[in-house]
Amino acid sequence: PGHAGTEVHAGATEHDHAAASHVLAAMIAHALDHGGRARVAYAEALAGLADLDPETRMIEVIRRTVRFAAERPQLNQIMLQESMVPSDRLVWLTETYVQSMYDALRDQWRHLREIGVAAPVDERLIYYVLIGSSSLPFANQSEAAILIGADHDSDELVEAHIDGLVTMLLPGRSTDAGDDT
């Protein structure tokens, strides 16, 4: 016994696997086109934060990252799938869309650590901590619905997730930018 789909997969012919691979490749190409545009949209969503103080800027980065992930869960699903094995496409995606975000976030985090307001998270990992934690309830929305019973589109869930991440990453801060507790 096992998952019902395993019998179908076990009985698949080489032709079935080739057809599935072709369909998957077409789906990934389509999704990556949208994913590339989504990454540009993410960069645009973070624009205009330079004039904010470092703590408020990070709160806004967290807020906008969570909202972005909630609105586009398929982007993180695609990136996880693409990252499973090394490929030229992964190198291109990383160099084209991810590297600049990684560098900017790492530098911002380093500064927050230097001024003593950020949690002790290694600056090399902050991109993965933020992107992974902000997107998981939305990328794994079916699992999240089972575990926490929440609709991934719920404003309540999005706001609670933002609050939790701000609390974890910036201890003593709240999502209210004017609250200095």
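Just so it is clear, the structure is predicted and the values come from calculations on it, not from any experiment.

Our focus in this paragraph is the packing of helix H3 (residues 54-71) against helix H4 (residues 73-82). In the contact formed by H3 and H4, the axes pass within 4 Å of each other and the chain directions differ by 85°. Between H3 and H4, the angle falls in the class roughly perpendicular. Between H3, through Phe68, Ala69, Ala70 and Glu71, and H4, the contact on the second element is made entirely by Pro73, Gln74, Leu75 and Asn76. A breakdown of the residues in the contact of H3 with H4 according to their chemical character gives five nonpolar, two polar and one charged.

Residues Ile146, Leu147 and Ile148 make up a contiguous nonpolar surface patch of roughly 370 Å² in combined accessible area. Position of Ile148 relative to the elements: it lies in helix H7 (residues 141-148).

The tally for this structure, following the rule as stated, stands at three aromatic pairs. When the ring of Trp92 is compared with that of Tyr97, the centres are 5.5 Å apart and the planes differ by 85°; the resulting orientation is edge-to-face. Here Trp92 falls in the partly exposed class, since its relative accessible area comes to 45%. Residue classification places Tyr97 among the buried positions, given a relative accessible area of 19%. Relative to Tyr127, the ring of Tyr102 lies with its centre 6.0 Å away and its plane at 65°, an arrangement referred to as edge-to-face. Here Tyr102 is found in helix H5 (residues 88-114), whereas its partner Tyr127 is found in helix H6 (residues 126-139), with 25 residues between them in sequence. No difference in accessibility class separates Tyr102 from Tyr127, as the two residues are buried. Members of the aromatic cluster, each reached through a chain of ring pairs, are Tyr102, Tyr127 and Tyr128.

With 71% of its residues at a pLDDT of at least 70, the protein chain reaches an overall mean of 79. By mean pLDDT, helix H1 (residues 5-10) is the weakest element of the protein chain at 42, and helix H8 (residues 155-169) is the strongest at 95. For the stretch residues 1-10, pLDDT sits under 50, and the model shows one contact to residues farther than four places along the chain or on other chains. Contacts for the low-pLDDT stretch residues 15-28, under 50 throughout, to residues beyond four places or in other chains number four contacts.

Turning our attention to the layout of surface pockets. The gaps left among the atoms become clear once a water-sized probe is rolled over them. The calculated volume of the largest pocket comes to roughly 330 Å³. Considering the residues around the largest pocket, the lining is formed by 14 residues, among which Met79, Leu80, Ser83, Tyr127 and Tyr128 are closest to the centre. Counting only elements with at least two residues in the lining of the largest pocket, the list comes to H4, H5 and H6. In terms of residue count, H6 provides more of the lining of the largest pocket than any other element does, six residues in total. Residue composition of the lining of the largest pocket, by class: eight nonpolar, five polar and one charged.

The rules behind each value
- Residues numbered from 1 in each chain as written.
- Predicted model: local features only at pLDDT ≥ 70, side-chain atom pairs only at ≥ 80, totals over all residues.
- Heavy atoms only, no water.
- Axes fitted to C-alpha atoms, helices over the stretch in contact; angles between N-to-C directions.
- Helix = DSSP H or I, 4+ residues; strand = E, 2+ residues; numbered from the N terminus.
- Parallel < 35°, antiparallel > 145°, perpendicular 65-115°, else oblique.
- Contact = heavy atoms within 4.5 Å.
- Nonpolar A, V, L, I, M, F, W, Y, C, P; charged D, E, K, R; others polar.
- Patch = residues over 30% accessible without salt bridge, like charges linked within 9 Å, V, L, I, M, F, W, Y side chains within 5 Å.
- Areas by Shrake-Rupley, 256 points an atom, 1.4 Å probe, with all protein chains shown as cover.
- Salt bridge = Lys/Arg side-chain N within 4 Å of Asp/Glu carboxyl O.
- Phe/Tyr/Trp six-rings, centres within 6.5 Å; stacked < 30°, edge-to-face > 60°.
- Buried < 20%, exposed > 50% of the residue type's maximum accessible area, 1.4 Å probe, protein only.
- pLDDT = per-residue confidence, 0-100.
- 1 Å grid on protein atoms, 1.4 Å probe; cavity = no way out; pocket = protein on both sides within 12 Å on 5 of 7 lines; lining within 4 Å.
- Points joined across faces, edges and corners; volume = space filled by probe spheres on them.

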